[in-house]
Amino acid sequence: MRIGQGFDVHAFTDGDSVTLGGVTITHTQALLAHSDGDVLLHALMDALLGALALGDIGQHFPDSDPRFAGADSRQLLREVATLIEQHGYRLANADMTIVAEQPKIVPHSNAMREHIATDLGVPTCVVSIKATTSEKLGFVGRGEGIAALASVLLEPNGRTNCA
Ligand code: MG
């Protein structure tokens, strides 16, 4: 089995919604990013790529490539899912934490879990999303942005071909 971890941060900017786990949540600000700024899916993809020692999303989907301007992070996640399958693995489970003062995450977390499970071809019960605030401390606490952490475990899918 292979374990991976990922971390990402995006700053708030002017706007009216944020996208987390593929769910668009109405908010008083947006997240600044080259893509859709889905900090949760970015942390998850880094964890998945890390488990396979395949680098990070910056290498696979560079900011400098216009193909990824405004990119739907769920589409990128499905590309990562294909890589996982090609390398002979499947997701055993994923556990993620969103660190934000606002917006409220819990009302949306099941929808996020379902998106992620669909994109990775696994049951929703192996996808966990938790949320916490930063107790008003640091950049998250000052409401300057949102952070996300992800841990994943991959198991062989019976077609392991990792050299
Ligand atoms: Mg990011």
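See the structure printed just above.
Bear in mind that the values here come from a model prediction, so they are computed numbers and not experimental data. (Residues numbered from 1 in each chain as written. Predicted model: local features only at pLDDT ≥ 70, side-chain atom pairs only at ≥ 80, totals over all residues. Heavy atoms only, no water.)

J.: Just checking my understanding: could you explain the nonpolar core for this structure?
T.: As a rule of thumb, nonpolar side chains are buried together in soluble globular proteins. By size, the foremost hydrophobic cluster in this structure holds 46 residues, and its most contacted members are Leu-44, Leu-48 and Ile-116. Elements with a minimum of two residues in this core: strand E2 (17-20), strand E3 (23-26), helix H1 (39-51), helix H3 (73-86), strand E5 (89-99), helix H4 (106-120), strand E6 (127-132) and strand E7 (145-156). Sorting elements by how many residues they give to this core places H1 first, with 10 residues. Ignoring anything within four residues of it in the chain, the contact list for Leu-48 reads Leu-77, Val-80, Ile-84, Leu-91, Leu-120, Val-152 and Leu-154. (Core = buried A, V, L, I, M, F, W, Y, C linked by side-chain atoms within 4.5 Å. Buried < 20%, exposed > 50% of the residue type's maximum accessible area, 1.4 Å probe, protein only. Helix = DSSP H or I, 4+ residues; strand = E, 2+ residues; numbered from the N terminus. Contact = heavy atoms within 4.5 Å.)

J.: For this particular structure, what's the right way to read the packing of H1 against H3?
T.: Each pair of packed helices can be summarised by the angle the axes make with each other and by the distance between the axes. Contact geometry for H1 and H3: axes closest at 10 Å, N-to-C directions at 10°. Classified by the interaxial angle, the pair formed by H1 and H3 is roughly parallel. Both H1 and H3 take part in a crossing whose hand is left-handed. Contacts from Leu-41, His-42, Leu-44, Met-45, Leu-48 and Leu-49 in H1 reach Ser-73, Arg-74, Leu-76, Leu-77, Val-80, Leu-83 and Ile-84 in H3. Tallied by class, residues from the contact of H1 with H3 come to 10 nonpolar, 2 polar and 1 charged. (Axes fitted to C-alpha atoms, helices over the stretch in contact; angles between N-to-C directions. Parallel < 35°, antiparallel > 145°, perpendicular 65-115°, else oblique. Left-handed = near helix turned anticlockwise from the far one by under 90°. Nonpolar A, V, L, I, M, F, W, Y, C, P; charged D, E, K, R; others polar.)

Distances and angles like these do not, on their own, reveal function.
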